[in-house]
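# Report on the structure
For reference, the chains in residue letters:
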Amino acid sequence: MTARLTPASLAASAFAGLFAPAAMAQEKAWSVEVEAASEYISKGTGKSDGDPALQLDATYDFGPVTTGFWASNAKVSQGGDAELHLYAATEHELGPVTIDLRGMLKHMPGTDDGFQDTWFEARADATLPVAGTELRLRVEYSPDNYAATDAAWWIEAQVSRKLAESWEVSATYGAREQDGGADYRAWNAGVTWQAMDRLALDLRWYDTDSHERGENYEGRVFVSATVAF
């Protein structure tokens, strides 16, 4: 009996064909990381009201594109009590520079009525190794950000260097610019220890230039443990 071709079946076949080369080139794989941290810090400021944070990052790599789900508890003034991300990412080499591109759909459940609780954010990373040191520039942009904020930018420069096989130091400086939100500068510096193959420990100091905006903008010690599965 001859199979009947329908527009839906043709579209499904075409979609599957787009990813067939990637599936043959690289075996599909899941990876999961769980992080326990002293606080949820994003773009240099606290987002869990000083409380500890438990975070999950699950990714599915099928070749040229990685898809993933990220989640954390949170506590913000607009009522949000968690933050969830769905994302897709891809990586490309341009000579010595590695370019990472990511699109993220973010959602903050628990947000009070009248505030936007779902938004899109795009990220571009450019990483360059120089004499044993890694330099990274990150640019993130949202055309219509969380709550009452409209367009928002985050531009960050990071330098990191391995001190030994399992030790790395890094420092970051970032600028936040928002339409309808707070503009500030933030920085951090610290050390990461790859204690075991699947366990990484991080100790870091975070600070901003906007202490007058409240506790979430004040300097703080940050510690975390990340387990990979």
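What comes next concerns the included structure. Computed from a predicted model, the values in this text were never measured in an experiment.

### Some remarks on the overall build of the protein chain
- A count of helical and extended segments in the protein chain gives one helix and 14 strands.
- For the protein chain, the residues scored as buried account for 34% of the 229 residues in total.
- Put simply, 41% of the contacts in the protein chain that link residues at least 6 apart link residues at least 24 apart.
- Surface accessibility of the protein chain: about 13,100 Å² in total, with carbon and sulfur atoms responsible for 61%.

### Quick word on the pattern of salt bridges
- The tally for this structure, following the rule as stated, stands at 11 salt bridges.
- The shortest N-O distance in the salt bridge between Lys-75 and Asp-51 comes to 3.0 Å. Taken together, the residues Lys-75 in the loop between strand S5 (66–73) and strand S6 (82–94) and Asp-51 in the loop between strand S3 (45–46) and strand S4 (53–61) connect sequence positions 24 residues apart.
- Judged by relative accessible area, Lys-75 falls into the partly exposed class, the value being 40%.
- With relative accessibility at 31%, the residue Asp-51 sits in the partly exposed group.
- Three or more residues are tied together by salt bridges with common partners; here these are Lys-43, Lys-106, Glu-121, Arg-123 and Glu-140.

### Structural notes on the pairing of strand S7 (residues 97–107)
- Relative to S7, S6 runs antiparallel, the two being bridged by 11 bridges. Following the sheet pairing, Leu-94 is matched in S7 by Val-97.
- The turn joining S6 and S7, which pair antiparallel and follow one another in sequence, is formed by two residues; a positive phi near 65° is taken by Gly-95.
- With 10 bridges connecting them, S7 and strand S8 (residues 118–130) associate as antiparallel partners. Paired with Met-104 across the two strands is Glu-121, which belongs to S8.

### Re unusual backbone geometry
- The backbone of Asp-49 shows a phi angle near 55°, a positive value even though the residue is not glycine.
- Relative to the helices and strands, Asp-49 is located in the loop between S3 and S4.
- Given the relative accessible area of 42%, Asp-49 is considered partly exposed.
- Phi is positive for Ala-147, close to 60°, though the residue is something other than glycine.
- Note on placement: Ala-147 falls in the loop between strand S9 (133–142) and strand S10 (152–164).
- Since its relative accessible area comes to 12%, Ala-147 is described here as buried.

### Some points on the packing of aromatic side chains
- Inspection of every chain in the model, using the stated rule, returns 10 aromatic pairs.
- Between the aromatic rings of Trp-154 and Tyr-184, the centroid separation amounts to 6.3 Å while the plane-to-plane angle is 40°, which identifies the pairing as tilted. Placement of the pair is Trp-154 in strand S10 and Tyr-184 in strand S12 (residues 184–196), with a sequence separation of 30 residues. Each member of the pair, Trp-154 as well as Tyr-184, is classed as buried.
- Taken together, the ring pairs connect Trp-30, Tyr-60 and Phe-62 into an aromatic cluster.

### Quick word on the side chain of Thr-226
- Along the chain, Thr-226 turns up in strand S14 (residues 220–228).
- Exposure remark for Thr-226: the relative accessible area of 15% places this residue in the buried category.

### Thoughts on the pairing of S4
- The pairing of strand S1 (residues 29–37) with S4 spans nine bridges and is antiparallel. What sits directly across from Val-34, in S4, is Leu-56.
- Here seven bridges tie S4 to S5, and the two strands are oriented antiparallel to one another. Each bridged residue has a counterpart across the sheet, and for Tyr-60 the counterpart in S5 is Thr-67.
- Count of turn residues in the S4/S5 antiparallel hairpin: four residues, of which Gly-63 carries a positive phi of about 120°.

### With respect to the environment of Gly-132
- With respect to the helices and strands, the residue Gly-132 is situated in the loop between S8 and S9.
- Taking the C-alpha atoms as reference points, Gly-132 and Leu-163, separated by 31 residues in sequence, lie 9.6 Å from one another.
- Filtering out sequence-adjacent residues up to four positions away, Gly-132 remains in contact with Arg-161 and Lys-162.

Cut-offs and rules
- Residues numbered from 1 in each chain as written.
- Predicted model: local features only at pLDDT ≥ 70, side-chain atom pairs only at ≥ 80, totals over all residues.
- Heavy atoms only, no water.
- Helix = DSSP H or I, 4+ residues; strand = E, 2+ residues; numbered from the N terminus.
- Buried < 20%, exposed > 50% of the residue type's maximum accessible area, 1.4 Å probe, protein only.
- Contact = heavy atoms within 4.5 Å.
- Areas by Shrake-Rupley, 256 points an atom, 1.4 Å probe, with all protein chains shown as cover.
- Salt bridge = Lys/Arg side-chain N within 4 Å of Asp/Glu carboxyl O.
- Pairing = 2+ DSSP bridges.
- Phe/Tyr/Trp six-rings, centres within 6.5 Å; stacked < 30°, edge-to-face > 60°.

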